[in-house]
Amino acid sequence: LVCGNGILLNSISEEVLRKIELCSPQNLVNMAWSFARMAELNVPLRDAISAAAIARIAQFQGQNISNTAWSCAMLQFFNEPLITALSKQALPTIGTFNPQ
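So, a few notes on the structure that sits alongside this text. Every value quoted in this text rests on a predicted model; they were computed, and no experiment measured them.

Basis of the calculations
- Residues numbered from 1 in each chain as written.
- Predicted model: local features only at pLDDT ≥ 70, side-chain atom pairs only at ≥ 80, totals over all residues.
- Heavy atoms only, no water.
- Helix = DSSP H or I, 4+ residues; strand = E, 2+ residues; numbered from the N terminus.
- Buried < 20%, exposed > 50% of the residue type's maximum accessible area, 1.4 Å probe, protein only.
- Expected span 1.5 Å × (residues − 1).
- Contact = heavy atoms within 4.5 Å.
- Core = buried A, V, L, I, M, F, W, Y, C linked by side-chain atoms within 4.5 Å.
- Disulfide = S-S within 2.5 Å.

**Some details on unusual backbone geometry**
The backbone phi angle of alanine 39 is positive, close to 55°, even though this residue is not glycine. With respect to the helices and strands, the residue alanine 39 is situated in the loop between α2 (25-37) and α3 (43-55). The class for alanine 39 is exposed, based on a relative accessible area of 56%. With a phi angle near 50°, glutamine 76 is a residue other than glycine that sits in the positive phi range. With a relative accessible area of 74%, glutamine 76 lands in the exposed category.

Structure below.
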């Protein structure tokens with residue numbers, strides 16, 4: 001899936017950046033997953049989602065963790081603090097992950 005409408009994606013990104021503090025963990029993950037699914041890399045949005053995810057990592061559940069990791073992999077994005085936070089959150093909860 002590729003979205004050829006850069007203007008639309010930039011508008012969405014700008015709006016999310018303005019409201020990032022209001023985003024729940026699920027909102028953050030959905031945005032990261034959506035941009036990764038479209039193979040779109042918006043660096044300011046990626047960095048803001050990463051920072052917000054780290055700040056809310058204690059609220060992340062199994063699917064949030066796995067979808068965030070998947071999004072990073074799809075965009076070939078390695079953010080060591082984010083990956084470390086995801087790993088630390090995953091370890092005690094890995095038994096609750098549901099296979100898909």
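**Notes on helix α4 (residues 62-74)**
For α4, spanning 13 residues, the distance from its first C-alpha to its last is 18 Å, which sits close to the expected 18 Å at 1.5 Å a residue. Here α4 has its buried residues at Gly62, Asn64, Ile65, Asn67, Thr68, Ser71 and Cys72. Buried positions along α4 lie against α2 and α5 (80-93). One or two steps after α4, the chain reaches glutamine 76, where phi turns positive at roughly 50°.

**Things to note about the nonpolar core**
Taken as a class, soluble globular proteins show a tendency for nonpolar side chains to be buried jointly. In this structure, Val16, Ile20, Leu28, Met31, Phe35, Leu45 and Ile49 are the most contacted members of the largest nonpolar core, which totals 13 residues. Ignoring anything within four residues of it in the chain, the contact list for phenylalanine 35 reads Leu9, Ile12, Ser13, Glu40, Asn42, Leu45 and Leu75. The next biggest cluster of nonpolar side chains, apart from the first, holds eleven residues, and it includes Ile65, Ala85, Leu86 and Ala90.

**Things to note about the state of the cysteines**
Evaluated as defined, the whole model comprises zero disulfides. Distance from the sulfur of cysteine 23, which forms no disulfide, to the nearest cysteine sulfur (cysteine 72) is 16 Å. Given the relative accessible area of 16%, cysteine 23 is considered buried. Accessibility expressed as a relative area gives 8% for cysteine 72, which makes it buried.

Functional significance is not addressed by these values, which are geometric in nature.
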